[in-house]
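For reference, the chains in residue letters:
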Amino acid sequence: DIQMTQSPSTLSASVGDRVTITCRASQSISSWLAWYQQKPGKAPKLLIYKASTLQSGVPSRFSGSGSGTEFTLTISSLQPDDFGTYYCQQYESYSCRFGQGTKLEIK
Amino acid sequence: EVQLLAFGGGLVQPGGSLRLSCAASGFTFPYYAMTWVRQVPGKGLEWVALMTTGTETYYADSVKGRFTVSRDNSKNTLYLQMNSLRAEDSGLYYCAKGTSWQWLLLDYCGQGTPVTVSS
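Residues numbered from 1 in each chain as written. Chains lettered and ligands numbered in written order. Predicted model: local features only at pLDDT ≥ 70, side-chain atom pairs only at ≥ 80, totals over all residues. Heavy atoms only, no water.

(A) Layout of the overall build of chain A. Scanning chain A from N- to C-terminus turns up zero helices and 11 strands. Here chain A has a C-alpha radius of gyration of 13 Å; the compact-globule value for 107 residues is 13 Å, and the two agree. Here the C-alpha coordinates of chain A stretch approximately 35 × 25 × 25 Å along the principal axes. Residues counted as buried form 47% of the 107 residues belonging to chain A. Contacts in chain A between residues far apart in sequence, at least 24 positions, make up 56% of those at least 6 positions apart. For chain A, the computed accessible surface area is about 4900 Å², with 44% contributed by carbon and sulfur atoms. (Helix = DSSP H or I, 4+ residues; strand = E, 2+ residues; numbered from the N terminus. Rg over C-alpha atoms; globule rule 2.2 N^0.38 Å. Buried < 20%, exposed > 50% of the residue type's maximum accessible area, 1.4 Å probe, protein only. Contact = heavy atoms within 4.5 Å. Areas by Shrake-Rupley, 256 points an atom, 1.4 Å probe, with all protein chains shown as cover.)

Here it is, written out as structure tokens:
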């Protein structure tokens with residue numbers, strides 16, 4: 001089974017900061033990687049898919065990069081609404097697995 | 001507007017059964033694969049089951065043989081029959097819609113329904 005590992009587990013940053021979250025796969029997943037944002041008490045929301053494609057309606061300050069086993073989610077200028085927990089997800093035809101999550105707190 | 005409303009959760013004893021439902025609206029339900037994902041409060045997301053647009057079903061190893069996913073396209077509803085429930089099955093169960101090009105790329109997730117397995 002493919003394992004997904006995110007770092008850091010928690011992150012505290014200030015408004016305006018550039019923030020980067022890393023996701024590593026235990027084996028190559030090509031670009032089959034998505035990022036989701038989840039706020040407390042809410043369902044996850046798709047941000048990025050195929051490693052770097054922004055979902056419709058998602059602000060352009062979010063970006064994704066990487067392929068193979070290492071991926072990053074970057075928020076170019078952190079906004080107050082960006083707090084929450086971020087999950088990476090490897091998806092293929094018949095199964096998927098999520099990373100353990102990165103909790104982003106606004107200082 | 002896409003809406004996914006999951007319901008049917010509750011308190012059940014270990015070894016018991018529960019059937020979850022997910023009512024879908026705002027899109028052509030038969031054309032999309034649907035997925036169940038669960039989350040232990042304060043913990044991460046875990047994929048549970050996938051139902052394709054046809055009759056194919058796929059399950060996480062942790063639920064294989066105990067859970068059954070199905071759909072009724074005439075009612076725009078997805079189901080999850082959960083048998084032989086264990087304490088570790090407790091959590092918030094979300095239903096989610098796949099995109100038209102990737103079954104497990106989840107572009108909409110509904111609000112979850114809570115399941116508690118406890119004596």
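(B) Fine view of the packing of aromatic side chains. Under the defined criterion, the tally for this structure stands at nine aromatic pairs over all chains. Grouping aromatic residues by their ring pairs yields a cluster made of Tyr94(A), Tyr58(B) and Trp103(B). Taking NZ or CZ as reference, Arg19(B) lies 3.9 Å from the ring centre of Tyr79(B), over its face. Here the basic side chain of Arg71(B) rests over the ring of Phe29(B), its NZ or CZ set 4.4 Å away from the ring centre. (Phe/Tyr/Trp six-rings, centres within 6.5 Å; stacked < 30°, edge-to-face > 60°. Lys NZ or Arg CZ within 6 Å of the ring centre and 35° of its normal.)

(C) Quick look at the interface of chain B and chain A. The interface of chain B with chain A comprises 21 residues on the first partner and 22 residues on the second. For the chain B and chain A pair, buried surface summed over both sides reaches about 1700 Å², with 63% attributable to carbon and sulfur atoms. In terms of surface lost to chain A, no three residues of chain B exceed Leu45(B), Leu104(B) and Leu105(B), which account for 33% of the buried area on that side. Linking chain B with chain A are zero salt bridges. Contributions of two or more residues to the side of chain B that touches chain A are made by strand S4 (34–39), strand S5 (45–51) and strand S10 (106–109) of chain B. It is S5(B) that contributes the most residues to the side of chain B that touches chain A, four residues altogether. Along the lines of polarity and charge, the residues of the side of chain B that touches chain A split into 12 nonpolar, five polar and four charged. (Buried area = accessible area lost by both parts, 1.4 Å probe. Salt bridge = Lys/Arg side-chain N within 4 Å of Asp/Glu carboxyl O. Nonpolar A, V, L, I, M, F, W, Y, C, P; charged D, E, K, R; others polar.)

(D) Just the environment of Trp47(B), in detail. Here Trp47(B) lies in strand S5. Placed 12 residues apart in sequence, Trp47(B) and Tyr59(B) show a C-alpha to C-alpha distance of 8.2 Å. For Trp47(B), the contacting residues outside a window of four places in its chain are Tyr94(A), Ser95(A), Cys96(A), Phe98(A), Thr35(B), Trp36(B), Val37(B), Tyr58(B), Tyr59(B), Ala60(B) and Leu104(B). For Trp47(B), the side chain forms a polar contact with the main-chain oxygen of Ala49(B), separated by 3.4 Å. (Polar contact = N/O pair within 3.5 Å; in protein donor to acceptor, adjacent residues only side chain to side chain.)

(E) Representation of the pattern of salt bridges in the model. What the rule picks out here adds up to nine salt bridges over all chains. Between Lys39(A) and Asp81(A) there is a salt bridge, and its shortest N-O distance comes to 2.4 Å. Of this pair, Lys39(A) sits in the loop between strand S4 (33–38) and strand S5 (45–49) while Asp81(A) is found in the loop between strand S8 (70–75) and strand S9 (84–91), placing the two residues 42 residues apart along the sequence. The class for Lys39(A) is buried, based on a relative accessible area of 18%. Since its relative accessible area comes to 46%, Asp81(A) is described here as partly exposed. What you see here is one network of salt bridges that share partners, running through Arg38(B), Glu46(B), Arg66(B) and Asp89(B).

(F) Summary view of the sheet that holds strand S3 (residues 19–25) of chain A. Residue and element names in this part refer to chain A. Pairing is antiparallel in the open sheet, where four strands are placed in the order S1-S3-S8-S7. Of all the strands in the sheet, just strand S1 (4–7) and strand S7 (62–67) have a single pairing partner and so form its edges. Each neighbouring strand pair of the sheet contributes to a mean axis angle of 15°, computed without reference to strand direction. Where S1 and S3 come together, four bridges link them in antiparallel fashion. Residue pairing in the sheet places Met4 in a bridge with Ala25 of S3. (Pairing = 2+ DSSP bridges. Axes fitted to C-alpha atoms, helices over the stretch in contact; angles between N-to-C directions.)

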